[in-house]
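# Observations on the three-dimensional arrangement
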Amino acid sequence: MGNLISHIKNLFSPFPKVKPLNGLTGMEKADALFHNLVAEKKIPGLSVAILDRGELLLQKGYGYADLENRKKVNPQRTVFRIASISKCITGLALGKMMEGGILDLDASFYTYVPYFPKKKYEFTLRQLASHTAGIRGYRGKEYALNQDYSIKDGIEVFKNDPLFFEPGTSYLYNSFDFVLLSLAMQEASGVPFQDYVKENILIPLGLNNTFSPVDFAVSSMATENKTRFYTKRSLCFTQAVAVNNNYKLAGGGYLSTCEDIAKLGQAILEERLLKSATYRQLLTSQIIEDKPTYYGLGFQVSKDANGRAFVGHVGNSVGACTNLFVYPEQEKVIAILINCTDPKVQSVLDEAIDAVLKS
């Protein structure tokens with residue numbers, strides 16, 4: 001009965017009116033497109049932050065962080081799941097460990113995690129970070145696992161499965177690579193992964209509203225500002241299923257505000273925290289059989305829908321759809337966070353991003 005009442009409330013919730021796009025260009029067009037995603041009930045809420053050479057062009061919330069209580073999105077305070085943008089944070093931490101001599105990217109994974117079941121081939125940390133190790137992807141409901149696993153416990157999900165291919169011969173994007181990568185980083189440093197990242201990446205970059213699920217749970221500020229997580233149904237939005245992302249923190253478990261994600265993008269643009277040579281390693285596409293994979297180490301290194309070179313990440317997870325686009329040539333950073341599982345609105349986001357870059 002409670003769900004039915006919630007559905008009815010959603011149907012009649014005060015969504016804004018659709019704005020006409022005729023004649024709009026640049027930021028005005030982007031703003032209207034973001035607005036209309038909510039007005040057309042394609043998403044519950046969205047947060048966006050856009051930087052041009054470090055200056056704020058747009059920072060705005062659209063729609064609702066909490067539909068049931070009519071709580072609106074605040075781009076500075078509303079905390080979203082950031083899904084695979086987490087891999088960019090892990091990439092920076094990997095770079096920091098490389099510079100500190102804590103680990104060797106081209107060493108066998110078994111050097112650091114000898115207790116992982118032996119496979120037909122060995123694979124390296126570089127191959128894990130670039131999705132070329134041959135580890136499999138999600139099966140069935142693993143995408144929405146709700147078990148309180150540590151990173152080390154989490155390998156139970158897939159540790160006994162064979163490799164999909166000989167490492168280094170193909171590319172398969174998946175988050176289990178990053179479970180293994182974070183386990184190796186943890187073993188190599190002797191420090192829990194989340195603690196290393198917090199001390200060496202989040203605090204130095206001033207990402208004060210970026211949290212692991214564990215840190216998030218003990219922060220009263222974060223809990224107060226957390227968005228609810230939704231799934232789109234044919235007539236309404238419902239609460240997304242409960243998940244526990246602790247074990248896959250490195251690949252898709254962090255939570256943050258749009259303001260912090262834009263800060264992260266700007267730090268990458270300015271090559272802060274790490275040496276230029278390290279950034280070159282992280283932000284260079286791996287090559288398989290003379291063809292680029294369009295993926296570096298924790299970063300997509302690709303072109304957007306209109307052919308512009310970017311680094312960053314697109315993400316989807318339970319209750320989240322996210323974009324971080326860093327454009328080195330244009331010196332722009334675009335961060336977008338949505339509180340809904342795979343709402344299938346990337347084409348609209350791409351249109352808005354194109355409008356911004358043409359302005």
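What you see is a predicted model; the values in this text were computed from it and never measured.

The subject of this paragraph is the pattern of salt bridges. Pairing is possible between side chains of opposite charge, provided their charged atoms come close. By the definition in use, this model includes 19 salt bridges. The salt bridge involving Arg-139 is made with Asp-161; its shortest N-O contact spans 3.6 Å. Here Arg-139 is found in the loop between α5 (125-129) and α6 (151-154), whereas its partner Asp-161 is found in the loop between α6 and α7 (176-189), with 22 residues between them in sequence. Arg-139 gets classed as partly exposed once you look at its relative accessible area, which sits at 43%. In this structure, Asp-354 engages Lys-358 in a salt bridge whose closest nitrogen and oxygen atoms are separated by 3.1 Å. One end of the pair, Asp-354, and the other, Lys-358, are both in helix α14 (residues 346-358), four residues apart, so they sit about a helical turn from each other. The class for Asp-354 is buried, based on a relative accessible area of 12%.

To summarise the sheet geometry, strands pair through backbone hydrogen bonds and adopt either a parallel or an antiparallel arrangement. Within the open sheet, the three strands sit side by side as β6-β5-β14. Their pairing is mixed. The outermost strands of the open sheet, each flanked by one partner alone, are β6 (237-239) and β14 (340-341). Pairing between strand β5 (residues 230-232) and β14: two bridges, direction parallel. Each bridged residue has a counterpart across the sheet, and for Thr-231 the counterpart in β14 is Thr-341.

Here we take up the sheet that holds strand β12 (residues 320-327). Pairing within the open sheet is antiparallel, and its seven strands lie in the order β3-β2-β1-β13-β12-β11-β10. Of all the strands in the sheet, the pair left with one neighbour each is β3 (71-72) and β10 (300-303). For β12 and strand β13 (residues 332-338), the ladder comprises seven bridges, and the chain directions are antiparallel. Paired with Phe-325 across the strands is Ile-334, a residue of β13.

Calculation notes
- Residues numbered from 1 in each chain as written.
- Predicted model: local features only at pLDDT ≥ 70, side-chain atom pairs only at ≥ 80, totals over all residues.
- Heavy atoms only, no water.
- Salt bridge = Lys/Arg side-chain N within 4 Å of Asp/Glu carboxyl O.
- Helix = DSSP H or I, 4+ residues; strand = E, 2+ residues; numbered from the N terminus.
- Buried < 20%, exposed > 50% of the residue type's maximum accessible area, 1.4 Å probe, protein only.
- Pairing = 2+ DSSP bridges.

So, to be careful, I would describe these as geometric facts and stop short of saying anything about function.
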